[in-house]
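# Descriptive structure summary
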Amino acid sequence: MKKSFYFLTFSLCILASSCTMMIKGIAKLVVKNYNDYTSTHISDLQIADPKGKLHTFSDLYPEKTVYLYVWKDKKLSAEQEKSYLLLKKRFAKYPDVVFAKLNIGSDSTSTANRLVNNASSAEFRNIAKISDPAPFIIGKDGAILSYKGPKPEDRIIVDYVIYQAMNGEDGTKSAKRFIRGVNGNSRFKSDKLVEWYTKHFGEAPPEILSLSLSTTN
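Described in the following lines is the structure provided in the data block. (Residues numbered from 1 in each chain as written. Predicted model: local features only at pLDDT ≥ 70, side-chain atom pairs only at ≥ 80, totals over all residues. Heavy atoms only, no water.)

### A short note on the side chain of Ser83
The residue Ser83 is located in helix 3 (residues 78-90) in this model. Residue Ser83 is classed as buried on the basis of its relative accessible area, which comes to 16%. Setting aside its immediate chain neighbours within four residues, Ser83 contacts Pro152 and Glu153. (Helix = DSSP H or I, 4+ residues; strand = E, 2+ residues; numbered from the N terminus. Buried < 20%, exposed > 50% of the residue type's maximum accessible area, 1.4 Å probe, protein only. Contact = heavy atoms within 4.5 Å.)

### A closer look at the environment of Tyr163
In this structure, Tyr163 sits in helix 5 (residues 157-165). For Tyr163, a relative accessible area of 15% puts it in the buried group. Separated by 11 residues in sequence, Tyr163 and Ser174 have C-alpha atoms that sit 9.2 Å apart. In contact with Tyr163, not counting residues within four places along its chain, are Phe91, Tyr94, Trp196, Lys199 and His200.

### Remarks on the pairing of strand 7 (residues 134-138)
Most of strand 7 sits inside the fold, with five of its five residues counted as buried. In strand 7, alternate side chains face the same way, and those of Ala134, Phe136 and Ile138 on one face and Pro135 and Ile137 on the other are all buried. Alignment of strand 4 (residues 65-71) against strand 7, held across five bridges, turns out to be antiparallel. Directly across from Val70, in strand 7, lies its bridge partner Ala134. Taken together, the two bridges between strand 7 and strand 8 (residues 144-146) define a ladder with antiparallel strand orientation. Within strand 8, the position partnered with Ile138 by the bridge is Ile144. From the end of strand 7 to the start of strand 8, which pair antiparallel, there are five residues, and Gly142 there has a positive phi angle of about 90°. (Pairing = 2+ DSSP bridges.)

### Details of the packing of aromatic side chains
On inspection of all chains with the given rule, the structure shows 19 aromatic pairs. With a centroid separation of 5.7 Å and 85° between ring planes, the pair formed by Phe178 and Phe188 is classed as edge-to-face. One end of the pair, Phe178, is in helix 6 (residues 171-180); the other, Phe188, is in the loop between helix 6 and helix 7 (191-201), with 10 residues separating them in the sequence. Taking the relative accessible area as the measure of exposure, Phe188 reaches 11% and is therefore buried. (Phe/Tyr/Trp six-rings, centres within 6.5 Å; stacked < 30°, edge-to-face > 60°.)

Okay, structure coming up:
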């Protein structure tokens, strides 16, 4: 079951600034586990492509930042798939970022890459512990920079976390910086965030930012 935390939404609050502080505090709790497995590397993870050919993770995605959507029994819904494709499109201009899906369940008919059953796979399955599809952000060295990280529908924060991951920054650190960078008027208070947004999205930030952050079971 998906739990969503919408922060910087003031319609439900009488005192906007105090409400913002409370919701930003909740958001920080959501992102605090993103860096739980930054010391875990999956470069040697064995993966079978849809044709059954075996690869290691590093062979498939050499020196790439990978937004890896992992699923077991439940696949992405149509709405999630739409958000995923839009996110992928926004990052098409960055050659060192790739988007991939990985089936860690028993569905051998899937057209996505599958996790091979061996010791390293068992370890990763144990780490994943998912019931719903979950995104992981993998660094260029194979480290898990974001464990059950922000989802494609978590626009704008998911873009920022992926962008920072290109430089090897873990998701907790980048997400917390992003949250701190939004003020009580639902605007960026950091010039660097304004500059990043303008460069990444190709337009100036809106007057009122509309942001969400979700967790995965």
